[in-house]
Amino acid sequence: MSAAWNANRIPDQHGRTAVVTGANSGIGYVTARELARAGARVVFACRSEARGSAAVEQAQKEVPGAEVEFAALDLGDLASVRAFAEAWQDRTLDLLVNNAGVMALPHSLTADGFETQFGVNHLGHFALTGLLLPSLLAAPAPRVVSVSSGMHALANIDIGDLNSERKYSKWIAYGRSKTANLLFTHELARRATAAGTALVAAAAHPGYAATSLQTRGARMEGRKGAERIFELGNRIFAQPAEGGALPTLYAATVPDVRPDDFYGPRVLMTRGAPGRSWRAPWTLDDTAGERLWAASEQLTGVAYDSAFKG
C-alpha cells in the first residue's frame, strides 16, 4: 500500500453497482462521485430529495457520462429503510457504503423512538445492510464499508443503555455510535466468513475533514458562537472532503482489503493518504459484537440468518 494512494488510483469499477448513504454532501458526495468516475453505477441514497437530486446533477456535471441516480432513504425511519430495500428488489448490489451520519446533536429521537445518533449512525445502517444482504451475496465480490470515526475512542457501548436513557451526553453518545459501527463491522465480517461467503466487511474514518457534521449540532442548539468556532477550525485545521473520503474509497475498492480492516488517514489519524488505522480494543470484542448484534436485530426486526444460510 503506497503512502501516495489517491482517488486517481481507484481500480476500474465498471460493471459494479454501489449504494452510498448520505451522498448529498461532504465525504459521501466525494465517495459517490469518485466511484462513478471510476466507472461504477452509483445510487445516491439520501434523506432529502432536493439535496440528493442536486448532488446527482452536480456529479453529472463533474463526471460527464456518470451513471448516477437518487433514491430516497431516511436512516432515522425504519419504514423508509424497508421501502428502500423493497424497491431494490432482486437487483444485485456489489458495494454498500454506510456513510451517512450525525454528530453531537442535542438529545432527540428517531421516528422509531431510538436516540438519534445511535438510531441513525448504527441501527439504520444495520437494518439497511441486513435487508440488502441477499442482493450483496448475489454479487461475485460484494463489499460493505461502514464509516466510523477516530472519536469512537470516546466511549464503548453500554449494552444496558444503548439509547442513552439514563444519562445523555452528546459526545459520549456519538462515540458509542461510532464504536457500534466498528463492532458491527467486526461481527459482520466474522459471520460472513463463517458462512463461507465472499462478502468483505470493512470500515473507515475520515480523520479531521471539513464537512457540515461539525457545525450541525451547534446550529440546532442555536449556539452561533460555537458554530463559528467549528467553521474556523474547519478552515484552519481540517483537510477537505476530498482527502477525508480517501480511506472510504480505499476500503471500498482496493483488492487487498481484508475482512474487518479499518482505514484512516496516516498522519496522526487526521489527514494524509489512507492506511490501516488504530482502533480501540473494545471494538474487537467478540462477545460485545454478538450482544450488540442480537440487540440490533431485536430493535430493528431485521435478522440476517436466512440470507447467510442461503
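Just so you know, these numbers come straight off a predicted model, no measurement behind them.

**Q** Please explain the overall build of the protein as it appears in this structure.
**A** Broken down by element type, the protein carries eleven helices and eight strands. Within the protein, buried positions represent 56% of all 310 residues. Contacts spanning at least 24 positions in sequence make up 75% of the contacts within the protein whose residues lie at least 6 apart. Accessible area of the protein: about 12800 Å², with a carbon and sulfur share of 52%.

**Q** It is not clear to me how the pairing of strand β5 (residues 143–147) should be interpreted in this structure. Could you clarify?
**A** Consecutive side chains along a regular strand alternate between the two faces of the sheet. Among the five residues that make up β5, five are buried, leaving the element largely enclosed by the rest of the structure. Relative to β5, strand β4 (residues 95–98) runs parallel, the two sharing four bridges. Paired with Leu96 across the strands is Val144, a residue of β5. Following the chain from β4 across helix α4 (residues 116–137) to the adjacent parallel β5, one finds a crossover that is right-handed. Here β5 pairs with strand β6 (residues 200–204) via five bridges, running parallel. Pairing of Val145 across the sheet is with Ala202, part of β6.

**Q** For this particular structure, what's the right way to read unusual backbone geometry?
**A** Both trends apply: most residues other than glycine have a negative phi, and most peptide bonds are in trans. Notably, Ala104 is not glycine yet its phi reads approximately 50°, a positive angle. Within the fold, Ala104 resides in the loop between β4 and α4.

**Q** I keep staring at empty space enclosed by the protein and nothing clicks. Help me out?
**A** Empty pockets left among the atoms are what a rolling probe the size of a water molecule brings to light. Taken as a whole and assessed by the stated rule, the structure comprises one cavity of 30 Å³ or more. Of the pockets and cavities examined, the largest cavity occupies roughly 60 Å³. Lining the largest cavity, in full, are Glu115, Phe118, Ile157, Asp158, Asp161, Leu162, Ser164, Ala173, Arg176 and Ser177. Considering every element that reaches the lining of the largest cavity, the biggest residue donor is helix α5 (residues 170–194), with three residues.

**Q** Sorry if this is basic, but what is going on with the pattern of salt bridges here?
**A** Counted according to the given criterion, the structure contains 13 salt bridges. Glu62 is the salt-bridge partner of Arg33, the closest N and O atoms lying 2.8 Å from each other. Here Arg33 is found in helix α1 (residues 26–37), whereas its partner Glu62 is found in helix α2 (residues 49–62), with 29 residues between them in sequence. By relative accessible area, Arg33 is classed as buried at 8%. A relative accessible area of 30% places Glu62 in the partly exposed class. Close ionic contact of Asp305 with Arg191 constitutes a salt bridge, the shortest N to O distance being 3.8 Å. With Asp305 in helix α11 (residues 305–308) and Arg191 in helix α5, this pair connects stretches of sequence that are 114 residues apart.

**Q** Before we go on, may I ask you to explain the packing of α1 against α2 in this structure?
**A** In a packed pair of helices, the relevant descriptors are the angle between the two axes and the axis-to-axis distance. Two numbers describe how α1 lies on α2: the axes approach to 10 Å, and their chain directions differ by 40°. Judged by the inter-axis angle, α1 sits oblique to α2. Judged by the sense of rotation from one axis to the other, the crossing of α1 with α2 is right-handed. The segment α1 lies against α2, with Tyr29, Arg33 and Arg37 engaging Ala55, Gln58, Ala59 and Glu62. Classifying every residue of the contact of α1 with α2 by side-chain character gives three nonpolar, one polar and three charged.

**Q** Would you explain the nonpolar core in this entry?
**A** Nonpolar side chains tend toward joint burial in soluble globular proteins. By size, the foremost hydrophobic cluster in this structure holds 45 residues, and its most contacted members are Val19, Phe84, Leu96, Leu128, Leu132, Leu188 and Tyr304. Among the elements that line this core, the one with the most residues is α4, at nine residues. Every residue in contact with Leu132, bar those within four places of it in the chain, is listed here: Phe84, Ala85, Trp88, Leu93 and Leu96. Formed by 38 residues, the second largest nonpolar core is a distinct cluster that contains Ala23, Tyr29, Ala38 and Val42.

**Q** I'm lost on the environment of Phe262 in this one. Help?
**A** Its location among the elements puts Phe262 in strand β7 (residues 262–267). In the structure, Phe262 is positioned 115 residues away from Val147 in sequence and 9.3 Å away in space, judged by C-alpha atoms. Not counting the four nearest positions on each side in its chain, Phe262 is found in contact with Ser148, His152, Leu182, Ala203, Ala204, His205, Gly275, Arg276, Ser277, Trp278 and Arg279.

**Q** Sorry if this is basic, but what is going on with the packing of aromatic side chains here?
**A** By convention here, two paired aromatic rings are described through the distance between centres and the angle between planes. Tallied over the entire structure, the rule returns eleven aromatic pairs. With a centroid separation of 5.0 Å and 50° between ring planes, the pair formed by Phe126 and Tyr304 is classed as tilted. With Phe126 in helix α4 and Tyr304 in the loop between α10 (286–300) and α11, this pair connects stretches of sequence that are 178 residues apart. By relative accessible area, Phe126 is classed as buried at 1%. Among the aromatic residues, ring-to-ring pairing joins Phe126, Phe184, Trp293, Tyr304 and Phe308 into one connected group.

**Q** Help me out: how do you make sense of a nonpolar patch on the surface in this one?
**A** On the surface, a nonpolar cluster with roughly 210 Å² of combined accessible area is contributed by Met151, Leu154 and Ile172. Relative to the helices and strands, Leu154 is located in the loop between β5 and α5.

What counts, and at which threshold
Residues numbered from 1 in each chain as written. Predicted model: local features only at pLDDT ≥ 70, side-chain atom pairs only at ≥ 80, totals over all residues. Heavy atoms only, no water. Helix = DSSP H or I, 4+ residues; strand = E, 2+ residues; numbered from the N terminus. Buried < 20%, exposed > 50% of the residue type's maximum accessible area, 1.4 Å probe, protein only. Contact = heavy atoms within 4.5 Å. Areas by Shrake-Rupley, 256 points an atom, 1.4 Å probe, with all protein chains shown as cover. Pairing = 2+ DSSP bridges. Right-handed = clockwise from strand over helix to strand, strands pointing away. 1 Å grid on protein atoms, 1.4 Å probe; cavity = no way out; pocket = protein on both sides within 12 Å on 5 of 7 lines; lining within 4 Å. Points joined across faces, edges and corners; volume = space filled by probe spheres on them. Salt bridge = Lys/Arg side-chain N within 4 Å of Asp/Glu carboxyl O. Axes fitted to C-alpha atoms, helices over the stretch in contact; angles between N-to-C directions. Parallel < 35°, antiparallel > 145°, perpendicular 65-115°, else oblique. Left-handed = near helix turned anticlockwise from the far one by under 90°. Nonpolar A, V, L, I, M, F, W, Y, C, P; charged D, E, K, R; others polar. Core = buried A, V, L, I, M, F, W, Y, C linked by side-chain atoms within 4.5 Å. Phe/Tyr/Trp six-rings, centres within 6.5 Å; stacked < 30°, edge-to-face > 60°. Patch = residues over 30% accessible without salt bridge, like charges linked within 9 Å, V, L, I, M, F, W, Y side chains within 5 Å.

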